[in-house]
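Structure assessment
Spelled out, the chains give:
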Amino acid sequence: DAEITQSPRHKITETGRQVTLACHQTWNHNNMFWYRQDLGHGLRLIHYSYGVQDTNKGEVSDGYSVSRSNTEDLPLTLESAASSQTSVYFCASSSGTGKLFFGSGTQLSVL
Amino acid sequence: EDKVVQSPLSLVVHEGDTVTLNCSYEVTNFRSLLWYKQEKKAPTFLFMLTSSGIEKKSGRLSSILDKKELFSILNITATQTGDSAIYLCAVNSGAGSYQLTFGKGTKLSVIP
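This is a predicted model, so every value here is computed, not measured.

Before going further, it helps to examine unusual backbone geometry. Put simply, S7 of chain A and P8 of chain A share a cis peptide bond, and its omega is -5°. With respect to the helices, strands and loops of the structure, P8 of chain A is situated in the loop between β1 (4–7) and β2 (10–13). In this structure, P8 of chain B follows S7 of chain B across a cis peptide bond, with omega equal to -10°. If you trace the backbone, P8 of chain B turns up in the loop between β1 (3–7) and β2 (10–14). Its identity as a non-glycine residue notwithstanding, N28 of chain A has a phi of 65°, on the positive side. Position of N28 of chain A among the secondary structure elements: in the loop between β3 (19–25) and β4 (31–38). Judged by relative accessible area, N28 of chain A falls into the exposed class, the value being 59%.

With 17 residues of chain B at the interface, the matching set in chain A holds 22 residues. Interface area, chain B with chain A, both sides summed: about 1,600 Å², of which 60% is carbon and sulfur. On the chain B side of the interface with chain A, the three residues burying the most area are Y98, Q99 and F102 of chain B, jointly 35% of the side's total. For the pair chain B and chain A, the interface holds zero salt bridges.

Moving on to the pairing of strand β9 (residues 87–94) of chain A. Residue and element names in this part refer to chain A. Buried residues dominate β9, accounting for seven of its eight residues. Judged from the seven bridges that link them, β4 and β9 form a sheet pairing that is antiparallel. Among the inter-strand pairings, Y35 is bridged to a residue of β9, identified as F90. Examined bridge by bridge, β9 and strand β11 (residues 106–110) share three bridges and lie antiparallel to one another. Following the sheet pairing, V88 is matched in β11 by Q107. Bridge count between β9 and strand β10 (residues 101–102): two bridges; the pairing is antiparallel. The residue bridging S93 from the neighbouring strand is F101, located in β10.

How each quantity is defined
- Residues numbered from 1 in each chain as written.
- Chains lettered and ligands numbered in written order.
- Predicted model: local features only at pLDDT ≥ 70, side-chain atom pairs only at ≥ 80, totals over all residues.
- Heavy atoms only, no water.
- Helix = DSSP H or I, 4+ residues; strand = E, 2+ residues; numbered from the N terminus.
- Buried < 20%, exposed > 50% of the residue type's maximum accessible area, 1.4 Å probe, protein only.
- Contact = heavy atoms within 4.5 Å.
- Buried area = accessible area lost by both parts, 1.4 Å probe.
- Salt bridge = Lys/Arg side-chain N within 4 Å of Asp/Glu carboxyl O.
- Pairing = 2+ DSSP bridges.

The analysis is restricted to geometry; functional conclusions fall outside its scope.
Structure (structure tokens):
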């Protein structure tokens, strides 16, 4: 069955370190997204991609970057982790119908 | 800026009760509204609505969209403890745009 997987499931890092969260989907979807979820804020869009070599900034993109070298993967990099980036991160993909399929999330703690 | 507002933010009911969750929105170029259920992990898709007045139904859950008044409701009848979750409303807007703007969610707790 097609799926979308995120790794790691949990990550603890220190302020200032570079961190990369992985996202891999086997749906063959062109569209991929990264959201963060925080209490009181809901899901907020960080970055998104509509195809290979395409990346776009979302609502809360400062301090994050993504790259899309193939259809299956959209890694999210925190250039210099900050405590404000402690959050649950969700990757999602879609075929263009508007319906998103989500990964299981990465719980990131920045100490 | 697109805006999606859900109410109430949290709700506690007893098993067997019927609940109504609300979602209002202000977006440019509305395309669709979606409902998701989030338990401990990833949000899972419930409904997508694009047309006013057409009810979508799945078992005890149903949803309807009013494009004139810019809102949607999600109804759950005969609630069960397994319905306890965060219910998320999201809107897709803009030509050529595939991302969703989410509300903050409604946390539903169903107690025996």
